[in-house]
Amino acid sequence: DDPNAKDEKALGLKGLNSLAKKLRKKRMDAGALTLASPQIKFVLNEDTQKPQDAEMYQLKEANAMVEEFMLLANISVAKKILKHFPSFSVLRRHPRPSESQFDMLVRAAKIKGLEIDVSSSKKLAESLDRCIIKGFPYFNTLIRVLATRCMTQAIYFSSGSVPPEEYQHYGLATPIYTHFTSPIRRYADILVHRLLAASLGIDPVPKTLESEEKSKTMCEHMNHRNRMAQQVGRSSSALFTLLFFREKDVIEEGIVLSVRKNGIRVFIPKFGIEGSIAVAKGGGGEAEKAGASSAGKKSGGEDDNNGWIFDGETLTLSNPTLSGSPRYQIFDRLRVRIYVKRSEMRREWLEMEIPGTGAAAEKGDAKKGGGDAKMVSSTAGGGKKRAAAAVSPSKDSKPKRPRRTSAKKKGTKKTKKRQRGT
């Protein structure tokens, strides 16, 4: 970044960066997308290895420079191995999303008076570039986060199992792609390295990849393991987030990222985390006193929605029966309290609530993941699935005496299994 740096290394890096910018422009002109998936970054204590600071991970110009040459290498290697092994090359594709998958994104942008064209990746990229609101610098990033969540999952595949016209990578706007540059952390890259070595006559074709069927089986396995690894990454971020906030009780600015019938999902830009808040049930007592049950029925809501009205077109959740007629809409900015809550059984979970409203973290959200967590908190890059920050029993699920008896039986069974295993 220093304009006065004239040494050989500095000049070399500046030359590479200049070339990277040209490569990037060429990709953008072809319709490549610039998406966003914010992540939380932790600073660990050297002695305890516990998180002592947290912030959203920031990408710098150097990251973009390295990325361009990695993409170029991946594309070049994909072409090379496909030329030599057209029936069993290990490639990666990103299927084009259907237009219906962008409905939520288009509706959200329209609320702010912005139009998004999803007819092609290039039109979408141009639309995202225009999504700028004066006085709301983070809005463009939020729109790109929502666009990322509309996408289909990129997958590995064997070249012989898919027609050539389906090889394309939608997000990168390239007709062919693979993973080659990170063999130290991805098994797919190791396989591609072996295929490249075989194509150059250095090594023989690996037996695990010498047919379309074997290559296809390997790709399906890698896709499965990749999804599991992503879930582990989200769970790890959720755990360290919990540890970071364990002795803290802070109020930070949040932005409404989505609105549902009984609550909202908020994103905290400072830390790159998000969580669900059940505002409908949180304000239940006061709403019932104001006759909210009938209001809920009139709006087509459920009887226990306590007067809260959800509008799917404007993406708002409001309650005219409460004092001040609270109303939440996507992209609203609000203050959010973040702290760790503990149960009598010493379980912990990350709690988010709107100060002064009684609206707290949503209990039911975690049930989607099969647990009883009171709240789900994850990094923004978590995708559609979210990892539970901690698991705790709900108030309505305290064990009864018959369950204690069954628990003992289960413990006995586990002991027997261990004995058999040894």
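Residues numbered from 1 in each chain as written. Predicted model: local features only at pLDDT ≥ 70, side-chain atom pairs only at ≥ 80, totals over all residues. Heavy atoms only, no water.

Notes on the pattern of salt bridges
Applicable threshold: Salt-bridge detection follows one rule: a side-chain nitrogen of Lys or Arg within 4 Å of a carboxyl oxygen of Asp or Glu.
As enumerated under the stated definition, the model contains 18 salt bridges in all. Across the salt bridge formed by Asp189 and Arg186, the nearest N and O atoms sit 2.7 Å from each other. Through salt bridges with shared partners, a single network forms among Arg246, Glu247, Arg342 and Glu348.

Structural notes on unusual backbone geometry
Just so we agree on the cut-off: A run of H or I in DSSP counts as a helix once it spans at least four residues, and a run of E counts as a strand once it spans at least two, with each numbered from the N terminus. Exposure is judged per residue with a 1.4 Å probe applied to protein chains only, and the accessible area is read against the type maximum: over 50% gives exposed, under 20% gives buried, and values in between give partly exposed.
Positioned with a positive phi, Phe331 is a non-glycine residue whose angle comes to about 80 degrees. Residue position: Phe331 is located in the loop between strand E10 (327–329) and strand E11 (333–342). By relative accessible area, which is 2% here, Phe331 ends up buried. Unusually for a residue other than glycine, Arg346 sits at a positive phi of about 65 degrees. Within the element layout of this structure, Arg346 appears in the loop between E11 and strand E12 (348–353). Of the residues examined, Arg346 reaches a relative accessible area of 77% and is grouped as exposed.

Points about the side chain of Ser215
Heads up, the condition is: Two residues form a contact once any of their heavy atoms are found within 4.5 Å.
Tracing the sequence through the fold places Ser215 in helix H7 (residues 212–245). Overall, Ser215 belongs to the buried group, its relative accessible area being 0%. Residues within four places of Ser215 in sequence aside, it is in contact with Phe88, Ser89, Val90, Ser158, Thr208 and Leu209.

Some words on the packing of aromatic side chains
Heads up, the condition is: Any two of the Phe, Tyr and Trp rings considered here, Trp counted by its six-membered ring, make a pair once their centres fall within 6.5 Å; the pair's planes then place it as stacked at under 30 degrees, edge-to-face at over 60, or tilted in between. We call a charge positioned over a ring when the NZ of a Lys or the CZ of an Arg lies within 6 Å of the ring centre and within 35 degrees of the ring normal.
Scanning all chains against the criterion turns up 10 aromatic pairs. Their ring planes at 20 degrees and their centres at 6.1 Å tell us that Trp308 and Tyr328 sit as a pair that is stacked. Of this pair, Trp308 sits in the loop between helix H10 (292–298) and strand E8 (309–311) while Tyr328 sits in strand E10, and the two are 20 residues apart along the sequence. By the burial criterion, Trp308 is buried, and Tyr328 matches it. Aromatic ring contacts, followed pair by pair, group Phe136, Phe139 and Phe331 into a single cluster. Positioned over the ring face of Tyr156 is Arg92, at 4.5 Å from the centre of the ring. The ring of Phe244 is capped by Lys248, whose NZ or CZ atom sits 4.1 Å from the centre of that ring.

Considerations on the pairing of E12
Put simply, the test is: Should DSSP find at least two bridges between two strands, the strands are regarded as paired.
Most of E12 is tucked away, with 6 of its 6 residues classed as buried. Here E12 shows a buried face lined by Glu348, Leu350 and Met352 and a second buried face lined by Trp349, Glu351 and Glu353. Judged from the 6 bridges that link them, E11 and E12 form a sheet pairing that is antiparallel. Bridged to Lys341 within E12 is Trp349. Following E11, the chain reverses through 5 residues before pairing antiparallel with E12; Arg346 in that reversal takes a positive phi of roughly 65 degrees.

Section: the side chain of Arg92
Just so we agree on the cut-off: His is not counted, nor are the chain ends; Lys and Arg add positive charge and Asp and Glu add negative charge. Definition of a polar contact: a pair of N or O atoms within 3.5 Å, with one able to donate and the other able to accept a hydrogen when the atoms are protein atoms, and with sequence-neighbouring residues admitted only if both atoms are side-chain atoms.
Along the chain, Arg92 turns up in strand E3 (residues 90–93). Although Arg92 lies buried, it forms no salt bridge, and the closest oppositely charged side chain, Asp189, sits 8.4 Å away as judged by the N-O distance. One polar contact links the side chain of Arg92 to the main-chain carbonyl oxygen of Ala154, over a distance of 3.4 Å. Apart from the residues within four sequence positions on either side, Arg92 is in contact with Ala154, Ile155, Tyr156, Phe157, Tyr167, His169, Tyr177, Thr178, His179 and Asn226.

Comments concerning helix H3 (residues 103–111)
Rule in force here: Read the arc as the range of directions from the helix axis to the C-beta atoms.
Looking only at H3, the buried set comprises Leu105, Ala108 and Ala109. Looking down the long axis of H3, one finds its buried residues gathered within 95 degrees of arc, a one-sided arrangement. Taken together, the buried residues of H3 touch helix H4 (121–130) and helix H5 (139–148). Within two residues after H3, Gly113 carries a phi angle of roughly 75 degrees, on the positive side.

Quick look at the confidence of the model for the protein
Spelled out, the test is: How sure the predictor is of each residue is captured by pLDDT, a score from 0 to 100.
The predicted model of the protein has a mean per-residue pLDDT of 81, with 78% of residues at 70 or higher. Mean pLDDT per element in the protein: helix H9 (residues 284–289) is the minimum at 34, and E3 is the maximum at 98. Across residues 282–303, confidence stays below pLDDT 50; counting only partners more than four residues off in sequence or on other chains, it has 25 contacts. Ignoring residues within four places in sequence, the model shows residues 362–422, a span with pLDDT below 50, making 104 contacts including any to other chains.

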